[in-house]
Amino acid sequence: MTETDTSLGYEQARDELIEVVRKLEAGGTSLEDSLALWERGEELAKVCRHWLEGARARLDSALAARDAGAGGAGGSDERDA
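What counts, and where the lines are drawn
- Residues numbered from 1 in each chain as written.
- Predicted model: local features only at pLDDT ≥ 70, side-chain atom pairs only at ≥ 80, totals over all residues.
- Heavy atoms only, no water.
- Helix = DSSP H or I, 4+ residues; strand = E, 2+ residues; numbered from the N terminus.
- Buried < 20%, exposed > 50% of the residue type's maximum accessible area, 1.4 Å probe, protein only.
- Contact = heavy atoms within 4.5 Å.
- Areas by Shrake-Rupley, 256 points an atom, 1.4 Å probe, with all protein chains shown as cover.
- Salt bridge = Lys/Arg side-chain N within 4 Å of Asp/Glu carboxyl O.
- pLDDT = per-residue confidence, 0-100.
- Core = buried A, V, L, I, M, F, W, Y, C linked by side-chain atoms within 4.5 Å.
- Expected span 1.5 Å × (residues − 1).

*Asks:* Tell me what's going on with the overall build of the protein chain, and back it up with residues and numbers.
*Replies:* Summing up its helical and strand segments, the protein chain has 4 helices and 0 strands in all. What you see in the protein chain, going N to C, is helices and strands ordered as α-α-α-α. The buried share of the protein chain, taken over its 81 residues, is 12%. Of the contacts formed within the protein chain by residues at least 6 apart in sequence, a portion of 76% connects residues at least 24 apart. Within the structure as shown, the protein chain displays about 6200 Å² of accessible surface, and the carbon and sulfur contribution to it stands at 54%.

Here it is as structure tokens:
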């Protein structure tokens, strides 16, 4: 990823990626322009993947902390009984 791409938020990268895909699907661009769009799309997809992997790691960490705090003894299932 480039330095500019790492400063993009998930929503920004996703929105730009949607626009890139729209342009590619519409056609009418030269081969060179299509390749440039495709390359940009790949970079934007990496940015999105990076954000999503980070979110998944944070979620997994929070769930593990919650489970550790509950003592791993079933947690909410015992409260429902």
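After that view, the rundown keeps rolling.
*Asks:* Tell me about the pattern of salt bridges, residues and numbers included.
*Replies:* Counting across every chain of the model gives 6 salt bridges. For arginine 56, the salt bridge is made with aspartate 60, and the minimal N-O distance between the two is 3.7 Å. In this pair, arginine 56 and aspartate 60 both sit in helix α3 (residues 31–69), 4 residues apart, roughly one turn of the helix. Residue classification places arginine 56 among the partly exposed residues on the basis of a relative accessible area of 49%. For arginine 66, the salt bridge is made with aspartate 67, and the minimal N-O distance between the two is 3.1 Å. Using a relative accessible area of 53% as the deciding quantity, one classes arginine 66 as exposed. Note on aspartate 67: relative accessible area 40%, which makes it partly exposed.

*Asks:* Give a description of the confidence of the model for the protein chain that names residues and reports values.
*Replies:* Looking at the protein chain, pLDDT values average 88 and 80% of them are 70 or higher. Per-element confidence in the protein chain is highest for helix α2 (residues 10–26), whose mean pLDDT is 98, and lowest for helix α4 (residues 76–80), whose mean pLDDT is 50.

*Asks:* Describe in detail the nonpolar core, supporting the description with residues and values.
*Replies:* One broad rule of soluble globular proteins: the nonpolar side chains tend to lie buried together. Listed in full, the 7 residues of the largest apolar core are Leu8, Ala13, Val20, Leu37, Leu44, Val47 and Cys48. When contributions to this core are tallied by element, the ones reaching two or more residues are α2 and α3. Per element, the largest residue contribution to this core is 4 residues, and it comes from α3. If sequence neighbours within four positions are ignored, leucine 44 has contacts with Leu8, Ala13, Glu16, Leu17 and Val20.

*Asks:* Quick one: what's the story with α2, residue by residue and with numbers?
*Replies:* For α2, which comprises 17 residues, the first-to-last C-alpha distance of 24 Å matches the rise-based estimate of 24 Å (1.5 Å per residue) to within 8%. Note on α2: the residue one or two positions beyond its end, glycine 27, has a positive phi of about 75 degrees.

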